[in-house]
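# A look at the structure
If you want the building blocks of each chain, they are given just below.
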Amino acid sequence: MTKKTIITALLALVTLTGLAQVQPTTKLIGSWSGKLNVMGTSLTLVFHLEQADGYVVIKLDSPNQGAKGIGCYKEFLSDDSLAVRVEMISATYRAALKDGKLNGTFSQSGMSWPLILEPGEPMLNRPQTPKPPFPYTEEEVTFQNGEFNFHGTLTLPNGCSTDTPLLVMVTGSGQQNRDEEMLDHRPFAVIADALARQGIATMRFDDRGWEDKSFPFLNFNIEDHKTDAEAGVRRMRERFRHVGVIGHSEGGTIGLMLASEGKIDFCVSLAGMAVSGKETLLEQNRTMLATYGIPADTVNAYCEALDNVMDDLAAHKSAKDIDDSTVPRMLQENFKAAVGQMQSRYMRDLLKTDVRQSLPRVTCPVLALGGKRDTQVNAAVNLEAIDRGLTNSKHEVVVYDELNHLFQHCQTGLLNEYQTIEETFAPEALARIAEWVNSLYPKK
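Residues numbered from 1 in each chain as written. Predicted model: local features only at pLDDT ≥ 70, side-chain atom pairs only at ≥ 80, totals over all residues. Heavy atoms only, no water.

## Considering the nonpolar core
Residues Leu166, Val168, Met203, Met236 and Phe240 are the most contacted members of the largest nonpolar core, which totals 43 residues. Sequence-distant contacts of Met203, defined by excluding residues within four places in its chain, comprise Val141, Phe143, Thr153, Leu154, Leu166, Leu167, Val168, Met169, Gly232 and Met236. (Core = buried A, V, L, I, M, F, W, Y, C linked by side-chain atoms within 4.5 Å. Buried < 20%, exposed > 50% of the residue type's maximum accessible area, 1.4 Å probe, protein only. Contact = heavy atoms within 4.5 Å.)

## Here's the deal with helix H7 (residues 332-341)
Every buried residue of H7 is accounted for by Asn334, Phe335, Ala338 and Val339. Burial along H7 is one-sided: seen end-on, the buried residues are contained in an arc of 130°. (Helix = DSSP H or I, 4+ residues; strand = E, 2+ residues; numbered from the N terminus. Arc of directions from axis to C-beta.)

## Quick notes on the packing of helix H5 (residues 277-291) against helix H8 (residues 345-352)
Two numbers describe how H5 lies on H8: the axes approach to 5 Å, and their chain directions differ by 100°. When the interaxial angle is binned, H5 and H8 end up roughly perpendicular. Seen from H5, the contacting residues are Gly277, Lys278 and Leu281; seen from H8, they are Met347, Leu350 and Leu351. (Axes fitted to C-alpha atoms, helices over the stretch in contact; angles between N-to-C directions. Parallel < 35°, antiparallel > 145°, perpendicular 65-115°, else oblique.)

## A short note on the pairing of strand E18 (residues 395-400)
Pairing analysis gives six bridges linking strand E17 (residues 366-371) to E18, with the strands arranged parallel. Bridge pairing links Gly371 to Tyr400 in E18. For the handedness criterion, the β-α-β arrangement of E17, helix H9 (residues 379-389) and E18 is classed as right-handed. (Pairing = 2+ DSSP bridges. Right-handed = clockwise from strand over helix to strand, strands pointing away.)

## What about the packing of aromatic side chains?
Applying the stated criterion across every chain yields a total of twelve aromatic pairs. Ring geometry for Phe150 against Phe205: centres 5.8 Å apart, planes inclined by 90°, an arrangement best described as edge-to-face. Taken together, the positions of Phe150 in strand E12 (residues 148-157) and Phe205 in strand E14 (residues 201-205) put the pair 55 residues apart, joining distant regions of the chain. Summarising the aromatic geometry, the rings of Phe215 and Phe220 are spaced 5.4 Å apart at their centres and angled 10° between planes, so their arrangement reads as stacked. The pair formed by Phe215 and Phe220 is uniform in burial state, with each residue classed as buried. (Phe/Tyr/Trp six-rings, centres within 6.5 Å; stacked < 30°, edge-to-face > 60°.)

Now the structure itself:
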């Protein structure tokens, strides 16, 4: 069992609810948090024990990975000890109360690690999160795309008019709210605030099916999400003459797609994927495995096997027909988890997504930004593809040496670092976006 297996499994979870009927006097009601140290990486885990109608609901959060509300089932619970299991990742946690702390063991797939939990949750500081009073106004906005209704926030700078440039904000992969909220960071709220202060309007909206836990989000692909963004653009054209898109990660790709179809007037791509989804996912795996100290020959063998299986899955080959005989033994579980995650319509289509051929059709202005320490979407590779492909567009590409995928100043760029960073979005990148947009539409 490798550290990568734990991280992959936790990220793949869906929310379940675990109920334990106990006496209402149990002393363990509340939140308990601690750090699980696995192969040199520290992973914060938070268990929540909440009482309602004679039952205790037990849930697990993994804040470093943005996983919340993971259902746990009670094996034993008293005033001074507990034993729970997390079935979706074949994990258990057993602990006893000692000196005000839960001293226990977290186990998964035959391996165990000590885990000490203390009362309470980690307090996170997010100084850039906007706080009132604001020198601008906000309005709730709604629009439709087929059978789906969307709700969003329209942020209007002082003196806003039909000539004010407006950016529709498009989130990255996975179901997210209008603020693209993750790990207590709210990057889209921060961007909207910064742009409004510079005279630029924005509209950000919740992804389709937001807050509906039963919604089959992975049944929809990037083309579906593109039509959602396009519907938002049409709604904004009812009020504004100059409408563009600012998209992060997958949202940046969607912005480029809409630009190539002539649907928007300008585009800001933040860590947008320009090369294929297959190339991006392979690069992610290669980077992460190397970071965890996996030998180079093992990484190469694994990625070669993953390369082949991605072609099979993109061609809609059944998972049961996948040959895993060449996968290194130590990464067999990772491989099975990866294949399982790539079964959805979304993932199969993402593997084939490649906007490079459509870039020459873009004629509107484009600003593409990336971080050199981005370990999810390689800035050098993707910005080079964008720069080379935008042959008919006035465009600019900028790489920031010390920024990660979320545009935070960072040390490593790895995912488990995101939560520990207080900064939500680099001020220099915010300033560059505002300066560029205002250069397109100078104030009269």
